[in-house]
Amino acid sequence: MTRAAVTRPALPRLAAAVLSAALSAAAPPPLSAQSLPRQPAPRNATVYFHYPLDGLRVPERFTVRIGLKEMGVAPAGIDKPNTGHHHLLIDVDPGPPDQPIPADYNHIHLGNGQTEVVVTLPKGTHTLQLLLGDHTHAPHKPPVISQKITIYVR
Ligand SMILES: [Cu+2]
């Protein structure tokens with residue numbers, strides 16, 4: 001009864017997982033843009049929030065500050081090993097790791113190699129997550145992704 005409300009937010013993620021499992025089970029590997037060559041990332045590479053931290057209350061306009069360990073930052077389009085550029089995911093789950101990261105209001109590309117970005121969000125509860133992308137905006141292998149944090153805009 002009340003459990004349904006709890007499980008509902010997990011459904012899109014589950015559906016995506018089922019879909020990607022179905023796709024990978026299909027015999028021929030896709031040859032189009034669906035299978036980008038993914039850049040390797042060191043296993044200990046870490047992307048994380050300097051600010052804000054999980055559970056924080058923030059004003060409508062605030063600066064997200066990003067930390068990265070064991071890799072470097074390079075602008076989009078620069079093909080250099082062990083580098084990438086940051087993406088800020090707002091109120092959205094990450095997509096399939098073998099697909100380029102979309103560019104829209106939920107996926108902010110810091111394509112000039114920025115390590116901070118000013119965002120303005122409406123009052124309420126929001127989630128933020130960081131995902132490093134390579135020169136083609138595709139996640140590395142394994143993906144370098146932060147914890148998803150929840151913030152409260154007041
Ligand atoms: Cu990008």
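Residues numbered from 1 in each chain as written. Predicted model: local features only at pLDDT ≥ 70, side-chain atom pairs only at ≥ 80, totals over all residues.

Q: When you look at the overall build of the chain in this model, what are you seeing that I'm missing?
A: Along its length, the chain carries two helices and nine strands. Reading the chain from its N terminus to its C terminus gives the helix and strand order α-α-β-β-β-β-β-β-β-β-β. For the chain, the proportion of its 154 residues judged to be buried stands at 18%. Long-range pairs, those at least 24 residues apart, make up 68% of the contacts in the chain between residues at least 6 apart in sequence. (Helix = DSSP H or I, 4+ residues; strand = E, 2+ residues; numbered from the N terminus. Buried ≥ 20, exposed ≤ 12 C-beta atoms within 10 Å, placed from the backbone. Contact = placed C-beta atoms within 7 Å.)

Q: Please clarify how unusual backbone geometry should be interpreted in this entry.
A: Residue Pro-52 is reached from Tyr-51 by a cis peptide bond, and omega for that bond is -5°. One can find Pro-52 in the loop between strand S1 (46–51) and strand S2 (57–58). Following Lys-141, the chain continues to Pro-142 via a peptide bond in cis, the omega torsion being -5°. Relative to the elements of secondary structure, Pro-142 occurs in the loop between strand S8 (124–133) and strand S9 (149–153). We note that Glu-70 has phi near 70°; this positive angle belongs to a residue other than glycine. Relative to the helices and strands, Glu-70 is located in the loop between strand S3 (61–69) and strand S4 (72–73).

Q: How should I be thinking about the sheet that holds strand S7 (residues 116–120) in this particular structure?
A: The strands that make up a sheet are held in pairs by hydrogen bonds between backbone atoms, and each pair lies either parallel or antiparallel. Strand order in the open sheet made by the three strands is S1-S3-S7, with antiparallel pairing throughout. What marks the edges here is a single partner per strand, and that holds for S1 and S7. The mean angle between the axes of side-by-side strands here comes to 30°, regardless of whether they run parallel or antiparallel. As paired strands, S1 and S3 are joined by five bridges and run antiparallel to one another. (Pairing = 2+ DSSP bridges. Axes fitted to C-alpha atoms, helices over the stretch in contact; angles between N-to-C directions.)

Q: It is not clear to me how the nonpolar core should be interpreted in this structure. Could you clarify?
A: The tendency in soluble globular proteins is for nonpolar side chains to be buried as a group. Counting residues in hydrophobic clusters, the biggest one holds 14 residues, and the most contacted among them are Val-47, Ile-66, Leu-88, Leu-130 and Leu-131. Considering every element that reaches this core, the biggest residue donor is S8, with four residues. Discounting chain neighbours no more than four positions away, the residues touching Val-47 are Ile-66, Leu-68, Leu-130, Leu-132, Val-144, Ile-145 and Ser-146. (Core = buried A, V, L, I, M, F, W, Y, C linked by C-beta atoms within 7 Å.)

Q: Any chance you could explain the environment of His-50 here in plain terms?
A: Within the fold, His-50 resides in strand S1. In this structure, the C-alpha to C-alpha distance between His-50 and Val-64, residues 14 residues apart in sequence, is 7.6 Å. Setting aside residues no more than four positions away along its own chain, His-50 makes contact with Arg-65, Ile-66 and Gly-67.

Q: I tried to follow the pairing of S8 on my own but got confused; where do I start?
A: In summary, the side chains of a regular strand alternate between the two faces of the sheet. Bridging between strand S5 (residues 83–90) and S8 involves six bridges; their strand directions are antiparallel. Bridging across to S8, Leu-89 finds its partner in Gln-129. In this sheet, S9 lies alongside S8 in antiparallel orientation, the contact comprising five bridges. If you follow Thr-127 over to S9, its bridge partner there is Thr-150.

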